[in-house]
Amino acid sequence: MPISLLFTLMRHEWRILRKEIILVVGLLGFCFFLGGLNGAYQLQILTQSQAELAQKEQQRLGKEIAKARSEEAQFKQEGMPLTRYGKSARNPFKVAQKGSQALLPPGPLALLVLGQTDLQPLSTQISLTHVENLPRQEQLHHPLGLFLGQFDLGFVLVWLLPLFILGLSFDILATEQENGSLRMLLSMPISLQQLALGKICMRALVLTKAIVIGLLLVSLGQGLDLRQPEILERWLGLLGITLLYGTGWFALALWVNSRKRPAATQATILALIWLAVLFVVPASLNLALSALYPLPSRVEFTQATAKASEKVRNASSQLLGKYFEDHPELSSSKRDEAEFNLLQLAKEDLIGQEITPVVAQFRAQLAKQRQVLQNLQFLSPALATQAAFNRLAGTGHERLEAYRNGVEAHQKAWRDWFTPRIRDNLAVQVSDYVRLPVYRWQEPAPSGDKLTGQYSLGLTAVYLALIVLLLGSRALKAYQNYQIVDS
Amino acid sequence: MQADIIAIIAQKEFKQVWLDGRFRWIFGILLLLFGLAGWAGFSQQQDYRSQFEHAMHEQRELWVNKGEMNPHSAAHHGMHVFKPASLVAALDQGLQSYLGVSLFLEAHKQNQSRYRQAEDGTVLQRFAVMNAATVAEVMVPLMIILLSFGAFASERESGTLRQLLSLGLPPSQLWLGKMLGLSASLAVLLLPLALLGLGTLWLAGGAEAFASGAPRLLSWLGLHALYWLLFLWGGLLISARCRTARLALLLLLAFWFSNSFIGPRLGMMVASLLHKAPTSVELQAAIEADASQVMDWDTRTQKVEARLLKQYGVKKVQDLPVNPAGLILADAEIDDARVYQVHLDHLQNDWQNQWRVFAKLGLLLPGMAVQNLSMGLAGSDWQHHRHFAAAAEAYRLDFVQRMNTDVSRKTQAVDAYEYTAGKELWEAVKPFHYDLPALAWVWQQQLSGLLILAGWTLLLALLTPLALKRMPVD
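Residues numbered from 1 in each chain as written. Chains lettered and ligands numbered in written order. Predicted model: local features only at pLDDT ≥ 70, side-chain atom pairs only at ≥ 80, totals over all residues. Heavy atoms only, no water.

## Description of the overall build of chain B
Alright, step 1. A tally of helices and strands in chain B yields 18 helices and three strands.
Alright, step 2. A compact globule built from 474 residues would reach a C-alpha radius of gyration of about 23 Å, whereas chain B, at 30 Å, exceeds it by more than 25%.
Alright, step 3. By principal-axis analysis of the C-alpha atoms, chain B measures approximately 105 × 45 × 45 Å.
Alright, step 4. Across the 474 residues in chain B, those meeting the buried criterion constitute 57%.
Alright, step 5. Taking as baseline every contact in chain B between residues at least 6 positions apart, the subset at least 24 positions apart corresponds to 83%.
Alright, step 6. Working note: accessible area of chain B is about 20600 Å², and carbon and sulfur atoms make up 63% of it. (Helix = DSSP H or I, 4+ residues; strand = E, 2+ residues; numbered from the N terminus. Rg over C-alpha atoms; globule rule 2.2 N^0.38 Å. Buried < 20%, exposed > 50% of the residue type's maximum accessible area, 1.4 Å probe, protein only. Contact = heavy atoms within 4.5 Å. Areas by Shrake-Rupley, 256 points an atom, 1.4 Å probe, with all protein chains shown as cover.)

In C-alpha cells form, the structure reads like this:
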C-alpha cells in the first residue's frame, strides 16, 4: 500500500473522529496526571522518611562518638589503656548491637511504577542478631490501600490504556457496514485491508503521541533526571514495552473487527477478552499457585524463631560451654571480663544456627513459587507487562531480594569486624568509627542477571511483538473474506 | 390477569437465558469459579486454622515452661499471639495478607503486627485475586450487564417493543416481568452457592462454627444477592432509556469498569490525600518524644513510695508490707501504655477517616460499599484487625501488670530483681482467647455501606417510573 494513501486515510479518519479521540486522549491525559501525582506524592513521603531516618542515625552516631571521645579523654587522663572500656560507651558488644543502618532507596522509576514499593521496608538496623530478626522500619499505609494497590502510571498503562484503545477501536467497520457507508468508501480505489489498517494506524498514532508526551510530561515535571544514562535506559525500556503492549491491543481490536459482528457484540467480546487477560487469567493463576505452591507459612516461621530463642535462652550456660568447645580460640581469651559479651554473642550465634534451616526452607519454597511464576507469567500479556514494568522501575520483588542479600552481606562484614573485638574484649576506639563497615546499596541492573533478568525482559518484548504479529497477520488475512454486503 | 402477563414475560426471559448456549457456558464457568475459589479459600482457612491452633498451643507451652525467672523479665520475654480466622473468610480473604499474622506482646511496648504475607509475594499476588467475593463482585455484575443491556434496547431495535406496547401492556409490567425472569436466572447461581457454603460450614466447622458462621454467611449471600439485583435493575433502566443496544452496553461497561477497577484505587488515593496519616518515622518520633517526657525513674520512685507510705501509714520504705519496686514498674507501665495508645489511636483514627472517605465514595460506585461490607462480614477487614489488636493490648497490659504486681507482692525479703517466680505464676496467666465480634457489631461498623445500598435502592425505585415513562419506543 502506498504510504501516501495510508496517510490520506488517516487524515480522513481523524477529521471524522476528532471529537471522540480528543475526549479519549483527554481522559488518558487526566489519568496520567492522577497517576503521576500519586507516584510523586508516595515517593516524596518515602524519600522524606528516609532522609529523617538517615539524619536520626547520623545524630545517634555523633552522640555515640562524642561519648566515646569523652571516655577516651578520661582514660588518657587516668593513664588507662584505650583498649579497655567503661560502662557502655565503647563496649564492643553494645556498639555492635546498636548497629548500622541499611536504607532501601526507592527504585529509579518508582515515580512511574510504584510496584511493590509500599510493601518494602524503609531501612533495617543491622546488628549481630539474625537477619530475619533484625528490627526493620516498615512503612505505614492503610491496609485497604495496600490491598487495592496504587493508582500509579503503571496501573494506567497496564489496566486503563487497553480500555481506551478498545473504546476507540471496537467499532472500526461494523457500524459503517451496517449503515451502508462502507460500500461507498470502498468504491474508492482502496482495499478493505488498507481501510481497516488506516483507521487503526490513525488511532494508534494519536495514542502513541499521547503516551510519549504524557510520560515525558510526568517524568520531567516530577524531576526525573532522564539525562542519566541508566535512568534513560530504563525509561526507554518502559516506553518500548508500553508501545508493544498497546499495539497488541490494537492488533486484537483489528482482529475482532475482522470477524464482522455487530458493534455491540464486538464490544462484548473485547470486554470479555480484557477481563480474561487482566483479571481472570492472572487471578486463576494466583489461585492455582497459592494452592499448588503456597507461600510458606509465616505462622510456622514465627513459631520456629520463638522456639529457637527460647531453647537457646533455657540452655544458655550449657550452650555457652558447647560454644567454647566449638570455638577453642575463645577460651584462651579473658573469659571473666568478656563473659557477658561472649554469652550474648554465643546466644545470637546459636539462635542463628537454630533459625537458619527454617529460613532456608522458607526461602527455598518462596524461590520455587517465584520460579513457577516466572514461567507462567506469559499466560497473560498484562501480567508479563506489569512484571517487566516493576523490573524496569526497580520496584518488584527482585529489589527486596537484592536488598536482603545486601543486608546479609553487610551483616557478615559487621559481624566479622566485631567478633574478634568481642572475643578479645577490646574497646571500640574513636579512630575505629571510620573503619566500621558501611552499608552501600547496589542498584541491581534492570535486566538482572542473564539467566533470569535479561531473559525475561527480552522475552517479554519478543512475546508482546509476537502477539502483535500473530493477531495483526490473522486480522489482515481475515479482511480478505469480509463480506461488505450482507447476502 | 396482570400477574399472568408478568409471569409470562418472566418465563420468557428465563427461558431465553437458558436457551442461549453462551449464557449456559457463562453460568457454568461462574459456578466453576465459585467452586474452585471457594474450595481454595476454604482450604487456606483450614490450613491457617490448624497452624493457628498449633501455634497458640506451642506459645502457651513456651510461656508456661519458661522455668524460673524474674516476673518482670518474663514480661519482657513476652509472648506471640495469633489472630484467629473465621471460616467465612474463605469467601473473602480481604486484607488478611496485608495485616500480619501475629502480635508480639511484651512489657513497655505496644508492637504492630508482623510478617504480612503480602511482603513475600510477587507481582502476581497483588495483580488480581480470585475468591468467591471477586467472582461475585466483578464477574457476576459483568454477566448481569450482558443479560440486561439488550432487554429493552434489542426489542426496540428489532421492533418487538412497539408490538408489545401496542397490545396495551404497561411498560412497568414489562419491566417487572423482565426483572423477575432475569432475577430467577441469577437465583440459579446463588442457590448452589448458598447450599455449598452452608454445607461446608456445617461439615468442616461443626455445630459451633455453624452457629457463629451461618449468620455471617447468610448475610454475605444476602448482600451479594441485593448487589446483583441492583445491577440488574440499573441495567434494565439503562436499556429502557437508551435508543440503541450499543449505547446501553457502552454505558454499562463504562460503569462496570469504573465500579470494579478504577474507583476503588482512585478512591483510596483520594482518601489518603484528604486525610494524611503519620508515616512510620513520624509515628516513632512522636512516641519517642512523648516517652522521653514520661516521669524519670527517681521521681517515679519517690512518688510511688510516698503514696505507699501514706496508704499503709508507715514512715519507712522498709516497713511497707509490699515491695515498691513492682508497683513502680506497674506505674511506669501505665504511662508507657498510654504513650503508645495515644499515638496509635491517632494513626488509627486517621486511617478510620481515610476509610470513611472511601466508604462514602460508595455513593458514586456501590461496588466499593459492597467490597467493604463483604470483607466486614467475612471478618477480614481492617476493623476486625483493630478489634483484635485492642483485645491483644488489653491482654498484654493485664499480664504485664500481673507480673509487675507479683514482684511487689512477693519480694519483700529479697532484692526485687533477684526474685524469681515459676510455673505457678506463669500458669496463673490465662491463655489469650479471642472471639470474633458479633454480627451486630459488623452492621454497626458498616452502617454507612448499608445506608448507601439503601440509597441506591431508593434512587433506582425513584428513577424507574421516570425512565419507563420516557422510554423511547422506536
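Still to come is the rest of the account.
## Some words on the pattern of salt bridges
Alright, step 1. Using the criterion set out here, one finds 32 salt bridges over all chains in the structure.
Alright, step 2. Asp349(A) serves as the salt-bridge partner of Arg415(A), at 2.2 Å between the closest nitrogen and oxygen. A residue pair is termed long-range when its members are at least 10 positions apart, and Arg415(A) in helix H15 (residues 397-423) and Asp349(A) in helix H13 (residues 335-376) qualify at 66 residues.
Alright, step 3. Shared partners join several salt bridges into a network, and the residues in it are Arg300(B), Lys303(B), Arg307(B), Asp331(B), Asp335(B) and Arg338(B). (Salt bridge = Lys/Arg side-chain N within 4 Å of Asp/Glu carboxyl O.)

## Some words on a positive patch on the surface
Alright, step 1. Together, Arg11(A), Arg15(A), Arg18(A) and Lys19(A) line one region of the surface with positive charge.
Alright, step 2. Of note, Arg15(A) is situated in helix H1 (residues 3-78). (Patch = residues over 30% accessible without salt bridge, like charges linked within 9 Å, V, L, I, M, F, W, Y side chains within 5 Å. Lys, Arg positive; Asp, Glu negative; His and termini not counted. Charge placed at Lys NZ, Arg CZ, Asp CG, Glu CD.)

## Side note on the side chain of Arg300(B)
Residue and element names in this part refer to chain B.
Alright, step 1. Along the chain, Arg300 falls in helix H12 (residues 297-312).
Alright, step 2. Assessed through its relative accessible area of 1%, Arg300 is described here as buried.
Alright, step 3. Among all residues touching Arg300, those that are not within four sequence positions of it are Val294, Met295, Ile328, Asp331, Ala332 and Asp335.

## Focus on the nonpolar core
Alright, step 1. Of all hydrophobic cores here, the largest spans 186 residues; its most connected members are Leu112(A) and Trp274(A).
Alright, step 2. Looking at this core, the element that brings in the most residues is helix H9 (residues 171-241) of chain B, giving 25 residues.
Alright, step 3. Ignoring sequence-local partners within four residues, the contact set of Leu112(A) consists of Asp152(A), Leu153(A), Gly154(A), Leu215(A), Val218(A), Ser219(A), Leu224(A), Trp235(A) and Leu238(A). (Core = buried A, V, L, I, M, F, W, Y, C linked by side-chain atoms within 4.5 Å.)

## Considering the confidence of the model for chain B
Alright, step 1. Per-residue pLDDT for chain B averages 88, and the proportion of residues at 70 or more is 98%.
Alright, step 2. Within chain B, helix H5 (residues 123-127) of chain B has the poorest average pLDDT of any element, 83, and helix H14 (residues 366-378) of chain B the best, 95. (pLDDT = per-residue confidence, 0-100.)

## With respect to the sheet that holds strand S2 (residues 102-106) of chain B
All names here are of chain B.
Alright, step 1. The strand order S1-S2-S3 describes an open sheet built from three strands, whose pairing is antiparallel. Edge strands, defined here as strands with exactly one partner in the open sheet, are strand S1 (79-82) and strand S3 (109-110).
Alright, step 2. Here S1 pairs with S2 via four bridges, running antiparallel. Paired with Val81 across the bridge in S2 is Leu103. (Pairing = 2+ DSSP bridges.)

## Examining the packing of helix H4 (residues 153-169) of chain A against helix H10 (residues 245-274) of chain B
Alright, step 1. Two numbers describe how H4(A) lies on H10(B): the axes approach to 12 Å, and their chain directions differ by 155°. Compared by their axis directions, H4(A) and H10(B) come out roughly antiparallel. As H4(A) runs across H10(B), the sense of the crossing is left-handed. In this structure, H4(A) uses Phe155(A), Trp159(A), Leu160(A) and Leu163(A) to contact H10(B), whose residues at the interface are Phe257(B), Phe261(B), Ile262(B) and Arg265(B).
Alright, step 2. Its residues assigned to classes, the contact of H4(A) with H10(B) comprises seven nonpolar, no polar and one charged. (Axes fitted to C-alpha atoms, helices over the stretch in contact; angles between N-to-C directions. Parallel < 35°, antiparallel > 145°, perpendicular 65-115°, else oblique. Left-handed = near helix turned anticlockwise from the far one by under 90°. Nonpolar A, V, L, I, M, F, W, Y, C, P; charged D, E, K, R; others polar.)

## A few points about a nonpolar patch on the surface
Alright, step 1. Taken together, Phe30(A), Phe33(A), Leu37(A) and Leu273(B) make up a surface patch of nonpolar side chains, about 370 Å² in accessible area.
Alright, step 2. Inspection of the secondary structure puts Phe30(A) in helix H1.

## Digging into the interface of chain A and chain B
Alright, step 1. Listed as interface residues are 88 residues of chain A and, on the opposing side, 79 residues of chain B.
Alright, step 2. The junction of chain A with chain B conceals about 7700 Å² of combined surface from both sides, 67% of it contributed by carbon and sulfur atoms.
Alright, step 3. Three residues stand out in chain A for area buried against chain B, namely Leu140(A), His142(A) and Phe147(A), and they jointly supply 10% of the buried area on that side.
Alright, step 4. Our enumeration of links across chain A and chain B arrives at three salt bridges.
Alright, step 5. With a shortest N-O distance of 3.1 Å, Lys56(A) and Glu288(B) are connected by a salt bridge. (Buried area = accessible area lost by both parts, 1.4 Å probe.)

## Looking at the packing of aromatic side chains
Alright, step 1. Going through the model one piece at a time under the given rule, you end up with 34 aromatic pairs over all chains.
Alright, step 2. Seen from their ring centres, Phe378(A) and Tyr463(A) are 5.0 Å apart, and the 70° between their planes marks the pair as edge-to-face. Separated by 85 residues along the polypeptide, Phe378(A) in the loop between H13 and helix H14 (381-393) and Tyr463(A) in helix H16 (residues 450-478) bring together distant segments of the chain.
Alright, step 3. The exposure class assigned to Tyr463(A) is buried, which follows from its relative accessible area of 17%.
Alright, step 4. Both rings, one in Trp417(A) and one in Phe418(A), keep their centres 4.9 Å apart while their planes meet at 70°; by these two values the pair is edge-to-face. Note on accessibility: Trp417(A) and Phe418(A) belong to one class, buried.
Alright, step 5. Through a chain of ring-to-ring contacts, the aromatic side chains of Phe151(A), Phe155(A), Trp159(A), Trp274(A), Phe279(A), Phe127(B), Trp256(B), Phe257(B) and Phe261(B) assemble into a single cluster.
Alright, step 6. A cation over a ring is seen here: Arg90(A) above Phe75(A), with NZ or CZ 5.1 Å from the ring centre.
Alright, step 7. Here Lys178(B) stacks its cationic end above the ring of Phe152(B), 5.5 Å away from the centre of that ring. (Phe/Tyr/Trp six-rings, centres within 6.5 Å; stacked < 30°, edge-to-face > 60°. Lys NZ or Arg CZ within 6 Å of the ring centre and 35° of its normal.)

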